[in-house]
Each structure stands twice: as structure tokens, then as C-alpha cells.
Amino acid sequence: MTLHNPYQRYSVGVRTKQGHAIQMRLSQTIMSSSALPLPHRCSFTTTTSFAQSNRTYSSTPVNNKAPLASPHLDQQCSSQDSIKRHFDHGFPQKPKTIRYRFSQLCKEGQIHVARQLFDSIPQPTTVLWNAIIIGYICNDLHHEAIALYSKMMKSSSQHQPDPYTFSSVLKACAETKELRIGKAVHCHILRSCIYAGRIVYNSLLNMYATCLSSFDALYSCDLVKRVFSTMPKRNVVAWNTMISWYLKTERPVEGLVHFVMMLKMGIKPTPVSFVNVFPATSRVMDVQIAHVLYGMVIKFGDEYVNDLFVVSSAIYMYAELGCLADARRIFDHCLERNIEIWNSL
């Protein structure tokens, strides 16, 4: 199948050598992959029309600060009908564990009751420590979560922190901007000799990217970049964090380069990826890259096209580039408009 190259129609418009290099690498990466064909100049007239792409609204806005998830917290209990079906088929109901009770109390906002129950246990396991720490975080009591982690480290219990403990307390450090404590937790991870999987590395990236400023990145060691370079495996969450970090530190070209690298590694972007890379495109002032990127959004389907954060970021990007007609066209085809979308236009 011969793919159409959108750059054959343009002989001008590349303002810098870096912009030209990024543009060509982005084009070659998308064309060489098994992805869908690239759009023409107007990204709204692709094989799947813009109107067809907006048939139904099937997605909800993606929050960049998703709540911390952990398998140590049980899911919600089954409904009464489900329990009745279990009894009808002869399966007895499983007894509820202490961890389950902690989880339910935290979900109901009774974290103080859960803490009293926790303090009455002589030797709580790591799972129970994690349940209370995560319960504090879910109830926006981040300082209490850090204090409980400190008590856990000082206790003489044989149960030591695990990856979920570290990822949870790093989340609390990021929310409270406690860089010093976050660095201490990083040292604890290195000294514990545990296998720090992607959940710990992603939490470290998020903590450093949240707590550090552009001054720290430009005039001292870039800890975010160092942690990213030491990751044995990187998922889309790690790449999104790096792209957002480069945008925060006024390095949009590096953000675009990392987006291209992510595509070359075969990692599918998420809506958050485009929310991060659209502002980088507007800062390098390259309309052609903007057309290619939004063409990818359309080809990825309704989940991306109808995402309110993607729509708002795309409108802002085209408006910053001076393409008001394209920005208005996205606005007109938007099925749902919140205050951010109105403000962007």
C-alpha cells in the first residue's frame, strides 16, 4: 500500500533545521509503522471524515493525575444479587479480611477508625501498612501518609516496604512537593535492593517532575532525565511524563523528539500524550507537524477525537499557530463543550 506523504505539497514552512528534522522523523516514523495512512494537509478530510469520527461520544476526560491504584486494596464488594447467585450455586461467601475492612473504611472516609483498628494490631503486615498509607492518600491526607511511612521504617517489624509502599509514599511526596523526603525515599529504594518495577520508576519520575523546577533542570543535574535513562522498561506513562517535563522546562524540541522515539519503539500514544505534545508543537511554530499530529488523533478513533482535553489542547495549538479556521472547525465538530473548550477558542 502506497502511503501519501503530506510534505510533498509543501516546499516552504519549515522554519528551523531542528523543525525540519523533527518533521521528517515524525513523518517517516508514522509511515514506516503499521499505523493508518497519514492525512492530507487538512486533517479533517481523511479517509474517515471528521463528521464520521464524531458519531458518538464514548470517552471521558483523562485526568493526568490519576488516583494511585494498588492491587493491595480490594475492589468493591459484589452486589446483593451477585452474592445471592453464589449461594444459589452452593458457593459460600468468603470471610472478610482485615484488609478488606480497612479498604471499606477508607472508601467511606472513616480513615481515623481504620487507623485505630490498625494501631491495635501488634505486628501488622506490609499489606496492612500499605492499606492505611493508601487510605490516607485517597482521603487527601498526604502528610499523614508520609508520617505513617516514617513510622513503618522506624518500626522493628520484620515486614519491610515493598514496591507498592514506595510508589504510594512517592505519590504523597509529589502532592506535597516534599522533594527532600522524596529523595530520602529514593535512597531507601536503592538500599532495599528490591526489584523496582515500572510502578516505582513511574512514581519516581512523577515525583521529581512535580517537585523540581525549570531552574533545577537547566542549572543542576536533571534528575528526571537520569531516572528515565535508568529505567529497564518504559511504558507510555513514563514517556508522557518525560514529554510533559520537557514542556515544563521550556524544551519543546526535546519533547517532540521523545514523542517520535516513543512511536519508533511501537508504543501507542494515549490521549494524554497528545495533550502534552500539542503545546510543544505550538511553541516550535510548525503547522505541518500540527497537521500530522491531529491526523493521528483522527485515525486513532472516537476515544481520542472526542476526548475533551485533547479537543481543548488541539484548539489552543491551532489558535497559537494562527490557524483559526482549523481551530474553529474542531470546535464546531465537538460533540460536548466544557468551559475549557470555550476558553481555548
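The structure this text deals with has already been given above.
Here's a quick rundown of the structure. (Residues numbered from 1 in each chain as written. Predicted model: local features only at pLDDT ≥ 70, side-chain atom pairs only at ≥ 80, totals over all residues. Heavy atoms only, no water.)

### Points about the overall build of the chain
For step 1, the next point in the chain: On a plain count of helices and strands, the chain comes out with 20 helices and zero strands.
For step 2, the next point in the chain: Counting over 345 residues, the chain shows a buried share of 47%.
For step 3, the next point in the chain: In the chain, the proportion of contacts linking residues at least 24 apart, taken out of those at least 6 apart, comes to 70%.
For step 4, the next point in the chain: Carbon and sulfur atoms make up 54% of the accessible area of the chain, which amounts to about 18200 Å² in all. (Helix = DSSP H or I, 4+ residues; strand = E, 2+ residues; numbered from the N terminus. Buried < 20%, exposed > 50% of the residue type's maximum accessible area, 1.4 Å probe, protein only. Contact = heavy atoms within 4.5 Å. Areas by Shrake-Rupley, 256 points an atom, 1.4 Å probe, with all protein chains shown as cover.)

### A short note on the packing of aromatic side chains
For step 1, the next point in the chain: What the rule picks out here adds up to 11 aromatic pairs.
For step 2, the next point in the chain: Taking 5.1 Å as the distance between ring centres and 80° as the angle between the ring planes, the aromatic pair formed by phenylalanine 228 and tryptophan 239 counts as edge-to-face. One end of the pair, phenylalanine 228, is in helix H12 (residues 223-229); the other, tryptophan 239, is in helix H13 (residues 236-248), and 11 residues separate them in sequence. We note that phenylalanine 228, like tryptophan 239, is buried.
For step 3, the next point in the chain: With 5.0 Å between their ring centres and 80° between their planes, phenylalanine 331 and tryptophan 342 make a pair best called edge-to-face. Here phenylalanine 331 is found in helix H19 (residues 324-332), whereas its partner tryptophan 342 is found in helix H20 (residues 339-344), with 11 residues between them in sequence.
For step 4, the next point in the chain: Since its relative accessible area comes to 51%, tryptophan 342 is described here as exposed.
For step 5, the next point in the chain: Aromatic ring contacts, followed pair by pair, group Phe259, Phe274, Phe278, Phe300 and Tyr304 into a single cluster. (Phe/Tyr/Trp six-rings, centres within 6.5 Å; stacked < 30°, edge-to-face > 60°.)

### Focus on helix H9 (residues 179-192)
For step 1, the next point in the chain: For H9, built from 14 residues, the straight-helix expectation of 20 Å at 1.5 Å per residue is met to within 8% by its first-to-last C-alpha distance of 20 Å.
For step 2, the next point in the chain: For H9, the secondary structure elements touched by its buried residues are helix H7 (142-154), helix H8 (163-176), helix H10 (198-211) and H12.
For step 3, the next point in the chain: Of the residues trailing H9, cysteine 193 is marked for its positive phi of about 60°. (Expected span 1.5 Å × (residues − 1).)

### Details of H13
For step 1, the next point in the chain: Taking 1.5 Å as the rise per residue, H13 with 13 residues should run 18 Å; its terminal C-alpha atoms sit 18 Å apart, in good agreement.
For step 2, the next point in the chain: Most of H13 is tucked away, with 10 of its 13 residues classed as buried.
For step 3, the next point in the chain: Buried residues of H13: Val236, Ala238, Trp239, Asn240, Thr241, Met242, Ile243, Trp245, Tyr246 and Leu247, and no others.
For step 4, the next point in the chain: A positive phi of about 60° marks glutamate 250, the residue just after H13.

### Describing the pattern of salt bridges
For step 1, the next point in the chain: A complete count under the given rule lists seven salt bridges for this structure.
For step 2, the next point in the chain: The partner of glutamate 175 in a salt bridge is lysine 171, with the nearest N and O atoms 3.2 Å apart. Separated by four residues within a single helix, glutamate 175 and lysine 171 lie in helix H8, roughly one turn from each other.
For step 3, the next point in the chain: A salt bridge links arginine 283 to glutamate 250, with the nearest nitrogen and oxygen atoms 3.2 Å apart. Here arginine 283 is found in helix H15 (residues 271-284), whereas its partner glutamate 250 is found in the loop between H13 and helix H14 (252-264), with 33 residues between them in sequence.
For step 4, the next point in the chain: Residue classification places glutamate 250 among the exposed residues on the basis of a relative accessible area of 55%. (Salt bridge = Lys/Arg side-chain N within 4 Å of Asp/Glu carboxyl O.)

Limitation: the analysis is restricted to geometry and does not speak to function.
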